Amino acid sequence: MSTDPETTETASHPGEPADETGTGTGGDEMVRTSGDAGAAEEPAPAAAGGSGQDEAEGTDGPEETESATGSGAADGGTADAGEGESAAAQKSEAEAELAAQRLERERIERRKAEKKGPIEAGAKLSGQAADLLAAVRAVESGAKPVASAFSEPAPAPRRPAPEPVRRPEPAAPPVAAPAAQSVAAVGAVLTEGGAPQALAPQAAAALGDGADARLRADPWLLLRIPGVRPEQADGFARALLGAECRRDDERRARAVTVWLLEQAAVAGHTALEASALQAALAQRAVPDPEEAVRSTVAEGEALVFQDALEAEPPGGGESDEDGESRPVRVLIGLERYALAEESLADGLARLVNSVPKEDGSAQHWEGAAGSARGSAAELIRAVAGHGLVLHTGGEASRAEPGTLLREARQVGVRAWAATHTPAGQEALLAALGPADGPGERAGAALATVAGLLSGVEGPGRDADGALDLDLLIVLDAPQLDVETAALLIESLPDGGRLVLSGDPGVLWSAGPGRVFADLLAARMCPQIASRTPDPGPLGELVSSIGVGELPQVDAPGKEVVIVPVRDAGEAVHRTVQLVADSVPRAIGIPSDETQVITPGHGGAAGTRALNAALKERLNPGPGRFGGFDPGDRIVHSPAPGRAVPGRVVTADAEGLHLECAGAAVVVPRERVEQSVRHGWALTAHQAVGQRWPAVVVVLPGDAGGTLSRPWVYTAFGRAARHLSVVHGVEQALPRAVAEITAKPRTTRLPVLLRPQVPTTEG
């Protein structure tokens, strides 16, 4: 009995499971039904703000964060406290990166504080907008400045440079763990309020000095701990305060307001419209939502913004020049994301306005463009005259920024490329083709974005703290959230060039913001669209999905196979059969090179169920190392939003020893549960930035409501040679591809950029 591509549904049309066409004997009959295929994911409660994540899974790599948003919904949530983000006090191999990012944020804040010229805004506002603005001004010393466009001095002419040597950064100071005495004191308060004592280290780290006293004085501060929900904090407050615990307590109102803003960030928003936030507060039984927002702003726990609307309201309207106040959108956001977006807009304006048209290297650039072809030549010419260039395209288009990297280094430009994952570096080198030219070391000029920012990888930094390079090419740009993008651009030297390259059809970043999409929409710099198509039936299928079509493709080499299933149990059975037997035998791709992708972690056909079944078949064992055995495939999440596949090697007193992307990694025992999952099956967000020779996409019956065009595009696009679709969603798949686009995210970047940089038609 077999469902392998050799004896069954070769084909075809992912929207319609194909009939059995094989000539072998003993093939199982495939029956397509509309029956329930079991839960594909855990229920994802909605968060405030009217839109949400691109899929129903948690976005923190292996960390499970259940959050999505629906119109006016308030019920955004995170996973259980035991699976939430790790405590700040916990040691991990990501410590250096996090500390380096913290230092960069401090540097950004210092630069912002040095700027002058407060915004003169809000004079013509009235009603709620004026009240909120007044609240901010009452507690702040002045409004934040808006960086204006400016021109930098022309940099010195480029000259051929030797291979740069990375200057190591000084070791970042370790993150101090809360004192044992503080943890014990917080634990006593938690126990008194009926909360798990296991939350004590996280609470002590989140609340700082005097955490126990602060928590006793304001029990709703428990919401500062990742994974805690308002109803749990309410129960804790009732236990501590007794009859004094009231729904209209302003402490509760502020805590819930901040929590909703944090959940909105999990769903991708950098801010929320005031009306949406107030609606969400009402759903959380806050009696006076408007007052709750005012109080939160007045206490400095959130900021308010009035962004002028670009379009006129229905019925027309007059601009400020005509003596009429322009309509504004009132947004509420957390300071960390507001600071990141303002710094990002500042840095982008600096890049766009600082590189002169002539910098002494035009002849070299033109020569490099002359030796390239097609879109690669266009990209080189655009980079020659601009500080910021956007490049779009599919997997095959990676060769174009690769060509730019190679040609730039050959003319003496200190160029580096950074990818989202280590696998992205391998894909870039593969796209470049055979060996590098004589004396060239393009392969040595590759880093990951995380490694570049932490100083572990890349060229190092100059005396001013900027990255020691002339040109930075960032691939997988849609995965940049606002904080990472701000840190990256703030790190570029004056006169440097930046190329952001990526596929706009894939899922957006795990963190808040939609930086790449916002920049494409802003049209503030040259945009080079690749004309290099992804090859073969898989390339044809994925390209069609990107424009909203799900065609029938001719797959003579069984590049695409549809496996219909009736329910979740059959989906799991067929998936294991495909990975362990059918794909290796019929396609010639071993199990180790086949990746399973499914919509969510929970449910009867989620990553947990599939990983359990695949482990039992492919690497059975007792799980003696915290549920893992040597040889287990895993996915390691060293930081939220990053997922690196690997394998378990062994374990000892130091922790769990992994091999990830060719590097040895040791995960401390206390971090294993939060940062390591089995990795035979992943979610699409975990798979972004990586590809495998074969991919099995599992779509159980009840996954139809979670599908969208970006999800399908991302999942199907992870396959390099073969794609099997375990299909139980009937017509929900073609409907999702045709009708369900990316869920909107509320961001301020376009508004911040508008007055600073000109719009270009290029």
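Just so we're clear, the structure is a prediction, and the values are computed from it rather than from any experiment.

Engineer: Help me get a handle on the overall build of the chain, residues and values and all.
Structural biologist: Assigned secondary structure in the chain consists of 25 helices and 21 strands. Burial analysis of the chain (762 residues in total) assigns 57% to the buried set. Looking at the chain alone, contacts between residues at least 24 apart form 75% of all its contacts between residues at least 6 apart. About 29,800 Å² of surface is accessible on the chain, with carbon and sulfur atoms providing 50% of the total.

Engineer: Any chance you could break down the pattern of salt bridges for me, citing the residues and the numbers?
Structural biologist: Side-chain pairs of opposite charge can arise whenever the charged atoms involved come near each other. For the structure shown, the criterion picks out 30 salt bridges. Salt-bridge contacts for R381 lead to E366; the nearest nitrogen and oxygen are separated by 3.1 Å. With R381 in helix α12 (residues 374-385) and E366 in helix α11 (residues 362-371), the pair connects residues that are 15 residues apart, well separated along the chain. By relative accessible area, E366 is classed as partly exposed at 42%. Notably, a salt bridge pairs D629 with K615, separated by 2.8 Å at the nearest N-O pair. Of the two residues, D629 is situated in the loop between α20 (607-618) and β14 (633-636) and K615 in helix α20; the sequence distance between them amounts to 14 residues.

Engineer: With reference to specific residues and values, describe the packing of aromatic side chains.
Structural biologist: Applying the stated criterion to the full structure yields zero aromatic pairs. A cation over a ring is seen here: R748 above F305, with NZ or CZ 3.8 Å from the ring centre.

Engineer: Tell me what's going on with the sheet that holds strand β15 (residues 644-652), and back it up with residues and numbers.
Structural biologist: With antiparallel pairing, the five strands of this open sheet are ordered in space as β17-β16-β15-β14-β18. Strand pairing shows two members of the sheet lacking a second neighbour, β17 (663-667) and β18 (676-678), which therefore form its edges. Ignoring which end each strand starts from, the neighbouring axes of this sheet average 40 degrees apart. The pairing of β14 with β18 spans three bridges and is classified as antiparallel.

Engineer: Break down the sheet that holds strand β7 (residues 415-419) for me, with residues and values.
Structural biologist: Strands sit in the order β8-β7-β9-β10-β6-β11 across an open sheet of six strands; the sheet is parallel. Bordering the open sheet on either side are β8 (446-448) and β11 (527-529), each of which pairs with just one other strand. The sheet shows a mean angle of 20 degrees between the axes of neighbouring strands, direction not considered. Inspection of the sheet shows β7 paired to β8 by three bridges, in the parallel sense.

Engineer: An account of helix α7 (residues 250-266) is needed here, citing residue identities and associated values.
Structural biologist: Here α7 contains 17 residues, and its C-alpha end-to-end distance of 24 Å stays within 8% of the 24 Å for a straight helix at 1.5 Å per residue. Of all 17 residues in α7, 14 are buried, a share of seventy percent or more. Positive phi appears at G268, one or two residues downstream of α7, with a value of about 110 degrees.

Engineer: Lay out unusual backbone geometry in plain terms, naming residues and giving numbers.
Structural biologist: As a rule of thumb, non-glycine residues mostly have phi less than zero, and peptide bonds are mostly trans rather than cis. Even without being a glycine, K558 presents a positive backbone phi close to 55 degrees. Summarising the element assignment, K558 is placed in the loop between α18 (536-546) and β12 (560-564). The phi dihedral of E730 is positive, around 55 degrees, even though this residue is not glycine. Within the secondary structure, E730 sits in the loop between β21 (719-727) and α24 (732-739).

Engineer: I'd like a rundown of the environment of H678, residues and numbers included.
Structural biologist: Secondary-structure assignment places H678 in strand β18. According to the relative accessible area criterion, H678 is buried, its value standing at 17%. H678 sits 32 residues away from G646 along the chain, and the two C-alpha atoms are 9.3 Å apart. Residue contacts for H678: discarding those within four places in its chain leaves N611, K615, G627, F628, D632, R633, I634 and V635.

Engineer: Any chance you could break down the packing of α11 against α12 for me, citing the residues and the numbers?
Structural biologist: Where α11 contacts α12, the axes come no closer than 8 Å and their chain directions differ by 170 degrees. Classed by the angle they form, the pair α11 and α12 counts as roughly antiparallel. Facing α11, whose interface residues are W365, E366, A368, A369 and G370, α12 presents A377, I380, R381, V383 and A384. Counted by class, the contact of α11 with α12 contains seven nonpolar, one polar and two charged residues.

Engineer: Outline the side chain of E400, listing residues and values.
Structural biologist: Here E400 shows up in helix α13 (residues 399-410). It is R531 that comes nearest to the buried, bridge-free E400 among opposite-charge side chains, at 7.6 Å. Every residue in contact with E400, bar those within four places of it in the chain, is listed here: S375, A376, L379, H391, S530, R531 and T532.

Engineer: Help me get a handle on the pairing of β17, residues and values and all.
Structural biologist: Across five bridges, the pairing between strand β16 (residues 655-660) and β17 is antiparallel. Within β17, the position partnered with L658 by the bridge is V665. Linking two consecutive strands that pair antiparallel, namely β16 and β17, is a turn of two residues; a positive phi of about 55 degrees is found at A661 within it.

Engineer: How would you sum up the environment of L190? Please name residues and give values.
Structural biologist: Inspection of the secondary structure assignment puts L190 in helix α3 (residues 180-192). It is 7.2 Å that separates the C-alpha atoms of L190 and A200, two residues lying ten residues apart in sequence.

Engineer: Quick one: what's the story with the nonpolar core, residue by residue and with numbers?
Structural biologist: In terms of nonpolar packing, the biggest core is built from 114 residues, with L471, L472 and L500 touching the most fellow members. Among the elements that take part in this core, α7 stands out by supplying nine residues, more than any other. Discounting chain neighbours no more than four positions away, the residues touching L500 are L388, V389, L390, H391, V474, A477, L480, F516 and L519. Of all hydrophobic cores here, the second largest spans 37 residues; its members include V560, A703, V712 and F716.

Engineer: Describe the packing of α7 against helix α8 (residues 274-283), naming the residues involved and giving the relevant values.
Structural biologist: Across the interface, α7 lies against α8 with an axial gap of 10 Å and an inter-helix angle of 120 degrees. The angle between α7 and α8 falls in the class oblique. Judged by the sense of rotation from one axis to the other, the crossing of α7 with α8 is right-handed. Note on element contacts: α8 touches α7 through L277, A280 and L281, opposite A253, V256, T257, L260 and L261. Partitioning the contact of α7 with α8 into residue classes produces seven nonpolar, one polar and no charged.

Engineer: Please give an account of the pairing of strand β6 (residues 388-392) that cites residues and values.
Structural biologist: Counting buried residues along β6, five of its five residues qualify, which places the element largely inside the surrounding structure. Pairing of β6 with strand β10 (residues 497-502), which is carried by five bridges, proceeds in the parallel orientation. Residue pairing for β10: T392 is matched across the bridge by G502. In this sheet, β11 lies alongside β6 in parallel orientation, the contact comprising three bridges. Paired with L390 across the bridge in β11 is Q527.

Engineer: Before we move on, can you summarise the environment of A430 with the specific residues and values?
Structural biologist: Here A430 shows up in helix α14 (residues 422-432). The spacing of A430 and A399 is 31 residues in sequence and 8.3 Å in space, taken between C-alpha atoms.

Engineer: Tell me about the confidence of the model for the chain, and name the residues and values.
Structural biologist: In this model, the chain carries an average pLDDT of 80, and 72% of its residues clear a pLDDT of 70 or more. This stretch, residues 16-91, has a pLDDT under 50; its non-local contacts, to residues over four places away or in other chains, come to 273 contacts.

Engineer: Residues and numbers for helix α19 (residues 568-587), please.
Structural biologist: With 20 residues, α19 ought to run about 28 Å at 1.5 Å a step, yet its terminal C-alpha atoms sit only 25 Å apart, falling short of that. At L578, α19 shows its strongest bend, of approximately 50 degrees. The N-cap residue of α19 is D567: its side-chain oxygen and the backbone nitrogen of G569 are 3.2 Å apart. Once α19 ends, the next one or two residues include G588, with phi positive near 85 degrees.

Quick notes on the rules
Residues numbered from 1 in each chain as written. Predicted model: local features only at pLDDT ≥ 70, side-chain atom pairs only at ≥ 80, totals over all residues. Heavy atoms only, no water. Helix = DSSP H or I, 4+ residues; strand = E, 2+ residues; numbered from the N terminus. Buried < 20%, exposed > 50% of the residue type's maximum accessible area, 1.4 Å probe, protein only. Contact = heavy atoms within 4.5 Å. Areas by Shrake-Rupley, 256 points an atom, 1.4 Å probe, with all protein chains shown as cover. Salt bridge = Lys/Arg side-chain N within 4 Å of Asp/Glu carboxyl O. Phe/Tyr/Trp six-rings, centres within 6.5 Å; stacked < 30°, edge-to-face > 60°. Lys NZ or Arg CZ within 6 Å of the ring centre and 35° of its normal. Pairing = 2+ DSSP bridges. Axes fitted to C-alpha atoms, helices over the stretch in contact; angles between N-to-C directions. Expected span 1.5 Å × (residues − 1). Parallel < 35°, antiparallel > 145°, perpendicular 65-115°, else oblique. Nonpolar A, V, L, I, M, F, W, Y, C, P; charged D, E, K, R; others polar. Lys, Arg positive; Asp, Glu negative; His and termini not counted. Core = buried A, V, L, I, M, F, W, Y, C linked by side-chain atoms within 4.5 Å. Left-handed = near helix turned anticlockwise from the far one by under 90°. pLDDT = per-residue confidence, 0-100. Bend = angle between axes of the 7 residues up to and from the residue. Polar contact = N/O pair within 3.5 Å; in protein donor to acceptor, adjacent residues only side chain to side chain.

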